[in-house]
Amino acid sequence: MSMLEVKNITKSFGKVEVLKDVSFSLEQGQVMSILGSSGSGKTTLLRCINFLEDADGGQILVDGECIFDGSAEKKLTAKEIRANQLHFGLVFQSFNLFPQYTALENVTLAPKLLAKERPDYKEKKKEIHAEIEENAKALLARVGLSDRMNNYPCQLSGGQQQRVSIARALALNPKVLFFDEPTSALDPELTGEILKVIRDLAQKDVTMVIVTHEIEFARGVSDRIVFMADGVVVEDGTPEEVLDKSKNAKTRAFLQKLNEN
Ligand SMILES: Nc1ncnc2c1ncn2[C@@H]1O[C@H](COP(=O)(O)OP(=O)(O)OP(=O)(O)O)[C@@H](O)[C@H]1O
Ligand SMILES: [Mg+2]
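Residues numbered from 1 in each chain as written. Chains lettered and ligands numbered in written order. Predicted model: local features only at pLDDT ≥ 70, side-chain atom pairs only at ≥ 80, totals over all residues. Heavy atoms only, no water.

Novice: Give me the lowdown on the pairing of strand 2 (residues 16-26), citing residues and values where you can.
Specialist: In terms of strand pairing, strand 1 (residues 4-13) meets strand 2 through seven bridges, oriented antiparallel. Pairing of Ile 9 across the sheet is with Val 22, part of strand 2. Where strand 1 folds back on strand 2, the antiparallel hairpin that results is connected by two residues, among which Gly 14 adopts a positive phi of roughly 60 degrees. (Pairing = 2+ DSSP bridges. Helix = DSSP H or I, 4+ residues; strand = E, 2+ residues; numbered from the N terminus.)

Novice: Before we move on, could you go through the site of ligand 1 and cite the residues and values that matter?
Specialist: Near ligand 1 the following residues occur: Phe 13, Val 18, Ser 37, Ser 38, Gly 39, Ser 40, Gly 41, Lys 42, Thr 43, Thr 44, Glu 181 and His 213. Measuring from an oxygen atom of ligand 1, one finds a side-chain N or O atom of Ser 38 at 2.6 Å. Within the contact set of ligand 1, an oxygen atom lies 3.2 Å away from a backbone nitrogen or oxygen of Ser 40. Here ligand 1, which alone exposes 640 Å², has 57% of that area covered by the protein. Here the element with the most residues in the shell around ligand 1 is helix 1 (residues 42-49); it accounts for three residues. When its residues are assigned to classes, the shell around ligand 1 shows two nonpolar, eight polar and two charged. (Near = heavy atom within 4 Å. Polar contact = N/O pair within 3.5 Å; in protein donor to acceptor, adjacent residues only side chain to side chain. Areas by Shrake-Rupley, 256 points an atom, 1.4 Å probe, with all protein chains shown as cover. Nonpolar A, V, L, I, M, F, W, Y, C, P; charged D, E, K, R; others polar.)

Novice: Describe in detail a nonpolar patch on the surface, supporting the description with residues and values.
Specialist: Residues Leu 86, Leu 114 and Leu 172 make up a contiguous nonpolar surface patch of roughly 200 Å² in combined accessible area. Residue position: Leu 86 is located in the loop between helix 2 (78-85) and strand 6 (88-91). (Patch = residues over 30% accessible without salt bridge, like charges linked within 9 Å, V, L, I, M, F, W, Y side chains within 5 Å. Salt bridge = Lys/Arg side-chain N within 4 Å of Asp/Glu carboxyl O.)

Novice: Pulling in residues and values, what's your account of the domain arrangement of the protein chain?
Specialist: When the domains of the protein chain are assigned, the result is domain 1 (1-87 + 183-261) and domain 2 (101-173). Taking only C-alpha atoms, the centre of domain 1 and the centre of domain 2 are 26 Å apart. Facing nine residues of domain 1, the contacting portion of domain 2 comprises 12 residues. Together domain 1 and domain 2 conceal approximately 910 Å² of surface at their shared face, both sides included; 73% is due to carbon and sulfur atoms. (Domains from an automatic or database assignment. Contact = heavy atoms within 4.5 Å. Buried area = accessible area lost by both parts, 1.4 Å probe.)

Novice: Describe the pairing of strand 1, naming the residues involved and giving the relevant values.
Specialist: By the bridge criterion, five bridges tie strand 1 to strand 4 (residues 57-62) in an arrangement that is antiparallel. Each residue of the ladder has a partner; that of Leu 4, found in strand 4, is Val 62.

Novice: Tell me what's going on with the environment of Lys 116, and back it up with residues and numbers.
Specialist: As for its placement among the helices and strands, Lys 116 is situated in the loop between helix 3 (103-115) and helix 4 (121-142). Residue classification places Lys 116 among the exposed residues on the basis of a relative accessible area of 51%. Put simply, Lys 116 and Ile 128 are 12 residues apart on the chain and 9.7 Å apart in space, counted from C-alpha to C-alpha. (Buried < 20%, exposed > 50% of the residue type's maximum accessible area, 1.4 Å probe, protein only.)

Novice: Kindly report on the packing of aromatic side chains, identifying the contributing residues and their values.
Specialist: Enumeration over the complete set of coordinates arrives at four aromatic pairs. Ring centres of Phe 51 and Phe 68 lie 6.3 Å apart, and the angle between their planes is 75 degrees; on these two criteria the pair is classed as edge-to-face. With Phe 51 in the loop between helix 1 and strand 4 and Phe 68 in strand 5 (residues 65-69), this residue pair connects regions lying 17 residues apart in the sequence. Phe 68 carries the same exposure label as Phe 51, and that label is buried. For the ring pair Phe 88 and Phe 178, a centre distance of 5.3 Å and an interplane angle of 90 degrees mean the geometry is edge-to-face. Of this pair, Phe 88 sits in strand 6 while Phe 178 sits in strand 7 (residues 176-180), and the two are 90 residues apart along the sequence. Judged by its relative accessible area of 7%, Phe 88 is buried. Overall, the relative accessible area of 0% leaves Phe 178 in the buried class. (Phe/Tyr/Trp six-rings, centres within 6.5 Å; stacked < 30°, edge-to-face > 60°.)

Novice: Just give me the short version of the side chain of Thr 251, but keep the residues and values in it.
Specialist: Within the fold, Thr 251 resides in helix 9 (residues 249-260). What makes Thr 251 buried here is its relative accessible area of 1%. Dropping the residues within four chain positions of it, Thr 251 is found in contact with Phe 227, Val 234, Glu 235, Val 242 and Ser 246.

Novice: Got a sec to walk through a negative patch on the surface? Specific residues and values, please.
Specialist: Residues Glu 123, Glu 127, Glu 131 and Glu 134 make up a contiguous surface patch of negative charge. By the secondary structure assignment, Glu 123 is in helix 4. (Lys, Arg positive; Asp, Glu negative; His and termini not counted. Charge placed at Lys NZ, Arg CZ, Asp CG, Glu CD.)

Novice: Provide a residue-level description of the pattern of salt bridges, including the pertinent values.
Specialist: Evaluation of the coordinates by the stated rule reveals 14 salt bridges. The salt bridge involving Arg 219 is made with Glu 216; its shortest N-O contact spans 2.9 Å. Residue Arg 219 and its partner Glu 216 are located together in helix 7 (residues 215-221), separated by three residues, close to a single helical turn. We classify Arg 219 as partly exposed; its relative accessible area is 29%. For Lys 250, the salt bridge identified is with Asp 230, shortest N-O distance 3.2 Å. You can see Lys 250 sitting in helix 9 and its partner Asp 230 sitting in the loop between strand 9 (224-229) and strand 10 (232-237), a full 20 residues away along the chain. A relative accessible area of 44% means that Lys 250 is categorised as partly exposed. Look at Asp 230 and you get partly exposed, because its relative accessible area is 47%. Among the ionic contacts, a cluster of salt bridges with common partners joins Arg 118, Asp 120 and Lys 124.

Put into structure tokens, the structure is as follows:
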């Protein structure tokens, strides 16, 4: 059974059909990269899957369980949406850390809020918080930030901030981790440290979907590459099939343009 199944997702903004019919599925531990030119709907797709945008139609299944059905008559409640969002982690291009909190606090914030819903929270608050902090410290160590845990975002480089946001996304133990151009807001010399963290996660079998323009990185880290154009998936295959052997005119034009830059 697939870990994530996205079926026939559609989304329009006003009269503009941004996602016309997007489908793909992902197995546990697989890494899939999404390529496509600017405006092809990549961010919109991630936002729809993560319930930051309300898709117009289609279905989303996690581990076989349908968590979104565009044809359902009843809209999901805010509570249901929050529960669904817990399946996923999302790392944005622009880090989106809370500036008033330290690196460690940024990572512990969501797990601490969530822990309040546990029936044993009141009696075990201290232990629960200690456990959350220990886990957050381990995650920050994993992304190479043991010595920066008490720094505020403004005291961290862009690459360090992005590593905090990866640790934050991992803190809720998501089934699938999504990245939306995780390196595009960084200076070129900081790109490598983020790509290394993502490569390490891939080796540890974290299931990931990565929107990126870093073709050689995508080739190295991905089991599959999806190419999107005009709101549909034009190609879905191994890196070799899509990057080297594509017969599709749109894919080839896109790759050629990247090569020229
Ligand atoms: N909230 C919105 N309201 C109206 N139009 C939107 C909204 N969000 C996105 N769009 C439009 O949807 C289309 C797809 O945008 P999207 O950001 O998903 O593209 P993208 O593939 O992520 O591009 P990029 O590579 O530049 O990040 C664009 O034409 C954009 O203008
Ligand atoms: Mg985008």
